[in-house]
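# Working through the structure, step by step
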Amino acid sequence: MTGKDAGALVDAAGLIPPGTRVNVTFLAGEDLATRVSAARAVRERGLRPVPHISARRLRSESELAEYLSALAEVGAAEEICVVGGDPARPAGPYADALAVIRSGALARSGVRHVSVAGYPEGHPHIDTPTLWCALEEKHAALYRQSLGATVITQFGFDPAPVVAWLDELRYRGVDAPVRIGVPGPAGVKRLLRYARRFGVQSSAGIVQKYGFSLTNLLGTAGPGRFIKRLQEQIDPVRHGDVSLHFYTFGGIRVTAEWVRDDESMVTQ
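Rules and cut-offs
Residues numbered from 1 in each chain as written. Predicted model: local features only at pLDDT ≥ 70, side-chain atom pairs only at ≥ 80, totals over all residues. Heavy atoms only, no water. UniProt positions renumbered as here; feature names shortened; annotations may be inferred. Helix = DSSP H or I, 4+ residues; strand = E, 2+ residues; numbered from the N terminus. Buried < 20%, exposed > 50% of the residue type's maximum accessible area, 1.4 Å probe, protein only. Phe/Tyr/Trp six-rings, centres within 6.5 Å; stacked < 30°, edge-to-face > 60°. Lys NZ or Arg CZ within 6 Å of the ring centre and 35° of its normal. Axes fitted to C-alpha atoms, helices over the stretch in contact; angles between N-to-C directions. Left-handed = near helix turned anticlockwise from the far one by under 90°. Contact = heavy atoms within 4.5 Å. Pairing = 2+ DSSP bridges. Right-handed = clockwise from strand over helix to strand, strands pointing away.

Per an unreviewed UniProt entry, the chain carries the name Methylenetetrahydrofolate reductase and comes from Actinomadura geliboluensis. Entered under Cofactor (unreviewed entry) in the UniProt record, the comment concerning the chain runs "FAD". In its Catalytic activity (unreviewed entry) section, UniProt records this for the chain: "(6S)-5-methyl-5,6,7,8-tetrahydrofolate + NAD(+) = (6R)-5,10-methylene-5,6,7,8-tetrahydrofolate + NADH + H(+)".

Attention now goes to the environment of E168. With respect to the secondary-structure elements, E168 resides in helix α7 (residues 159-171). Exposure remark for E168: the relative accessible area of 28% places this residue in the partly exposed category. Put simply, E168 and W132 are 36 residues apart on the chain and 9.4 Å apart in space, counted from C-alpha to C-alpha.

Attention shifts here to the packing of aromatic side chains. The description of an aromatic ring pair uses the distance of the two centres, along with the angle that the planes make with each other. Enumeration according to the criterion identifies seven aromatic pairs in this entry. When the ring of F246 is compared with that of W258, the centres are 6.2 Å apart and the planes differ by 55°; the resulting orientation is tilted. Of the two residues, F246 sits in strand β9 (residues 242-247) while W258 sits in helix α12 (residues 252-261), which places them twelve residues apart along the sequence. The exposure class assigned to W258 is buried, which follows from its relative accessible area of 12%. An aromatic cluster is defined as three or more aromatic residues linked by ring pairs; in this entry it consists of F155, F157, Y247 and F249. Across the ring face of F26, the terminal group of R35 is positioned such that the distance to the ring centre comes to 3.6 Å.

Our next topic: the packing of α7 against helix α10 (residues 224-233). α10 packs onto α7 with a crossing angle of 35° between their chain directions and a minimal axis gap of 10 Å. Taken as a pair, α7 and α10 cross one another with a handedness that is right-handed. Each of P159, V162 and V163 in α7 lies in contact with α10, whose residues at this interface are F226, R229, L230 and Q233.

This next bit is on the pairing of strand β3 (residues 79-83). Taken across its five residues, β3 has four buried, putting it largely inside the fold. Summarising the sheet, strand β2 (residues 48-54) and β3 pair through three bridges and their orientation is parallel. Across the sheet, the residue bridging to S54 is V83, located in β3. What joins β2 to β3 is helix α3 (residues 61-73), and the crossover it makes is right-handed. Inspection of the sheet shows β3 paired to strand β4 (residues 113-118) by three bridges, in the parallel sense. Bridge assignment links I80 to a residue of β4, and that residue is V114.

Turning next to the sheet that holds β4. If you trace the seven strands from one edge of the open sheet to the other, you get β1-β2-β3-β4-β5-β6-β9, paired in parallel fashion. The two strands at the open ends of the sheet, each matched to only one other strand, are β1 (21-24) and β9. On average, each strand axis in the sheet is tilted by 30° relative to the strand beside it, whichever way the strands run. Of the strands in this sheet, β2 and β3 are in contact with α3, which crosses β2 at around 175°.

Listed below in structure tokens is the structure:
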């Protein structure tokens, strides 16, 4: 959810199981009060807030400290998600998520668990070797600080690169739980627009595997086929702790209803 989605969360809260993690984004144009208020709304509904920190959007060490302190005051600082963020140039002292982790500010502020990003289909502006190096270094830095770690992947439409990426992740010794990014049900045009924006592969072959109808871009697509195929290929012995992370694209209630009702989720 974004900082402005508190009302949508209230509308959907009865559909979401207590204790579910809800990530709160760190968008440009939203101030500290908006982000903290959203995290508090998550907590007040019996859910677990996971506020984001966008490293390159932080203008100073004091801004990070102030944000973490404000989150702690509303009981929302135990779990954090740290990402590099969109800006090409850092606004302050943090060039990437690793810099925030290495600063020690998270542990000093009472954070106990940190989520970091994974990219099964690569990143539009970062080469694959650099991505792997960064992920391994973040995992090691969190381990040295006795902080729990989770890897949340970018969303995708094809299970094949996800499974190959999981194989490589475990081969490299990263044993953190993984939450595979899944697009919630949404209009096909919206899904493809988000895919282009975030650099996700969306070739004709992949969208056909996901279940899109390229001749009916006004239709709605859900992730049921993707999840079913992913389930068939995930090996708990080989791949470890793997679960799902839903990107709602503003449709919190629609996503929650789909998770509740879709047959592909019955065995989750």
